[in-house]
Structures are given as structure tokens and as C-alpha cells.
Amino acid sequence: MTDLPERILLGVNIDHVATLRQARHTRYPDPIEAVYAAENGGADGITVHLREDRRHIQERDVTLIQEVLLTKLNLEMAVTDAKLLYAEKIRPTHCCFVPEKRQELTTEGGLDVISEESKIKEACKRLAEADIDVSIFIDPDLKQIEAAIRCQAPTIEIHTGSYADAKTKHQRDIELQRIIKAAEFAHQAGLVVNGGHGLNYQNVQAIACIPEMNELNIGHGIIARAIFMGLENAVREMKQLMMAERL
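The shown structure was predicted, so the numbers you read here are calculated from the model rather than taken from an experiment.

Rules and cut-offs
Residues numbered from 1 in each chain as written. Predicted model: local features only at pLDDT ≥ 70, side-chain atom pairs only at ≥ 80, totals over all residues. Heavy atoms only, no water. Buried < 20%, exposed > 50% of the residue type's maximum accessible area, 1.4 Å probe, protein only. Helix = DSSP H or I, 4+ residues; strand = E, 2+ residues; numbered from the N terminus. Pairing = 2+ DSSP bridges. Right-handed = clockwise from strand over helix to strand, strands pointing away.

Give me the lowdown on the pairing of strand β1 (residues 9-13), citing residues and values where you can.
With 5 of 5 residues buried, β1 lies mostly within the body of the structure. Alternating positions in β1 separate into two faces, Leu9, Gly11 and Asn13 on one and Leu10 and Val12 on the other, with burial throughout. Of the pairings in the sheet, the one linking β1 to strand β8 (residues 213-218) comprises 4 bridges and is parallel in character. Each residue of the ladder has a partner; that of Leu10, found in β8, is Leu216. By the bridge criterion, 3 bridges tie β1 to strand β2 (residues 45-49) in an arrangement that is parallel. The residue bridging Asn13 from the neighbouring strand is Thr47, located in β2.

What follows is the structure in C-alpha cells.
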């Protein structure tokens with residue numbers, strides 16, 4: 001078992017800056033400006049998802065982000081040979097394996113590691129050999145965590161969407177307990193534990209105060225807030241909310 005993280009980190013997903021740009025196929029808003037603002041606001045890393053259909057982030061964005069960012073890049077990607085080759089070429093600090101469907105509005109649930117264990121294990125090995133830290137985006141399910149361990153992934157990112165989308169306090173409490181149990185189990189097994197999906201300024205506190213949580217990756221909630229107060233301020237506010245739970 002590794003030591004508990006001393007503080008919690010914030011990874012800012014800037015996909016939806018590119019979503020707004022691609023809606024009109026203009027040159028603005030540029031995700032590069034979002035990198036500057038997010039880092040100035042206290043982001044510990046920048047997350048982007050290069051989807052197969054290129055609905056938001058483009059290869060050009062990833063290249064430029066790699067050149068200008070002062071923190072670290074977390075590349076979300078499907079487990080395909082094309083994406084693995086791309087990751088090996090650009091060598092981001094982190095890669096997070098996520099499920100991907102063309103028809104979905106956003107990522108729906110965690111990756112089913114159990115059903116694709118052989119493929120994911122080989123992918124983890126390939127990126128480890130390229131000195132890229134790999135995480136696997138999974139539901140708070142102990143059997144999926146065990147499969148991630150067998151794949152020799154050093155990090156998992158727990159899908160918090162069911163917690164964030166819960167309609168009642170009772171259901172939200174049930175989902176929160178699942179996340180807490182999963183985080184404890186993964187940490188005791190020696191994994192780094194991250195979390196993300198659906199987190200916002202109203203629900204992040206309960207997740208941020210889980211001692212095993214190392215980093216939260218948040219995108220839509222921050223970008224939505226930024227419309228009214230600017231991205232740098234929105235990131236700063238989120239970081240302050242998270243840090244307050246660890247004092």
C-alpha cells in the first residue's frame with residue numbers, strides 16, 4: 001500500500017473549448033488559450049480526449065498543447081492500435097484508457113476491463129515501455145479494479161458519473177459509498193486513485209474529501225462556469241473547493 005496523497009490535484013479537461021470552436025468550424029476559441037488560463041488558475045494538469053470522430057480536440061491542438069503547457073498532459077484515448085501508435089509518437093505524461101462510442105454525447109460508464117483484459121494488458125505494457133503513465137477509467141467496481149491490477153496499470157480513474165447523476169440523496173449516498181469503497185480497495189492494492197465525470201461546484205466536495213483520491217479530472221462543469229466568470233477564475237474556485245476538503 002502506498003502513502004495517502006498529501007494534497008489533491010486538479011486536472012482540467014478543455015475538450016469543450018474545442019467543442020465550441022468546432023460548432024462553427026472557426027479558429028476560435030483556441031484550446032491553447034484555455035491551457036494558459038487553466039494553469040494560471042491553479043490546474044495541475046490538462047486533459048484532452050482525442051476522439052475517433054474528432055468532434056472537438058484535433059491533432060493540431062494536442063501538438064500545440066504539448067509545446068506550451070507548464071504542467072502535464074493527460075491524453076484520454078480509446079484502446080485502439082491507431083491511438084496507441086499516436087501516444088507512442090507524442091509521449092504525453094499520462095494516458096487514460098476510456099470507452100468510446102461515436103453516438104454517445106459523452107463517455108458513458110467505465111471501461112469493461114474484464115471483457116478486454118488481454119488487449120488492455122498489452123496496451124498498458126506498450127505505453128509503459130514508452131515511459132507513459134497509464135490509467136484506466138473504470139466504474140467503482142472491485143472486480144474491474146482487480147482486472148486493472150492484473151493489467152499492471154499503475155493508476156485508475158474512478159467513474160463518478162453515477163454519483164453525479166443521482167436523482168435522490170439516498171441514491172447519491174449509495175453511489176458515494178461505492179466510490180469510497182473502491183478508492184480504499186485500489187489504494188490498498190498499491191494503485192494511484194483518480195476520479196472524474198460529472199463533477200461540478202455543487203457535488204465535488206464529497207469526492208475531494210476521500211483521502212485516497214489523488215486527482216480529479218473535471219471539464220464540463222468548469223467550462224460552463226467559465227462562461228460567467230472566466231476560465232482562470234473558474235479553475236481557481238474549483239481548486240479552492242477541493243483543497244478546502246483536505247485541510
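Let's hear about unusual backbone geometry: which residues, and what values?
At the junction of Tyr28 and Pro29, the peptide bond is cis and its omega measures out at -5° in the coordinates. Relative to the helices and strands, Pro29 is located in the loop between α1 (15-24) and α2 (31-40). At Gln152, a position not held by glycine, the phi torsion is positive, near 65°. Locating Gln152 in the fold gives a position in the loop between α6 (142-150) and β6 (155-159). We classify Gln152 as exposed; its relative accessible area is 63%.

Residue-level account of the pairing of β6, with values.
Here β6 lies mainly inside the structure; 5 of its 5 residues are buried. Because side chains alternate across β6, one face comprises the buried residues Thr155, Glu157 and His159, and the other comprises Ile156 and Ile158, equally buried. Pairing analysis gives 4 bridges linking strand β5 (residues 133-138) to β6, with the strands arranged parallel. Across the sheet, Ile138 pairs through a bridge with Ile158, a residue of β6. In the classification by handedness, the crossover that spans β5, the intervening α6 and the parallel β6 is right-handed. Across 5 bridges, β6 lies against strand β7 (residues 192-196) in parallel orientation. Bridge pairing links Glu157 to Asn194 in β7.

No statement about biological role is implied by the geometric values presented.
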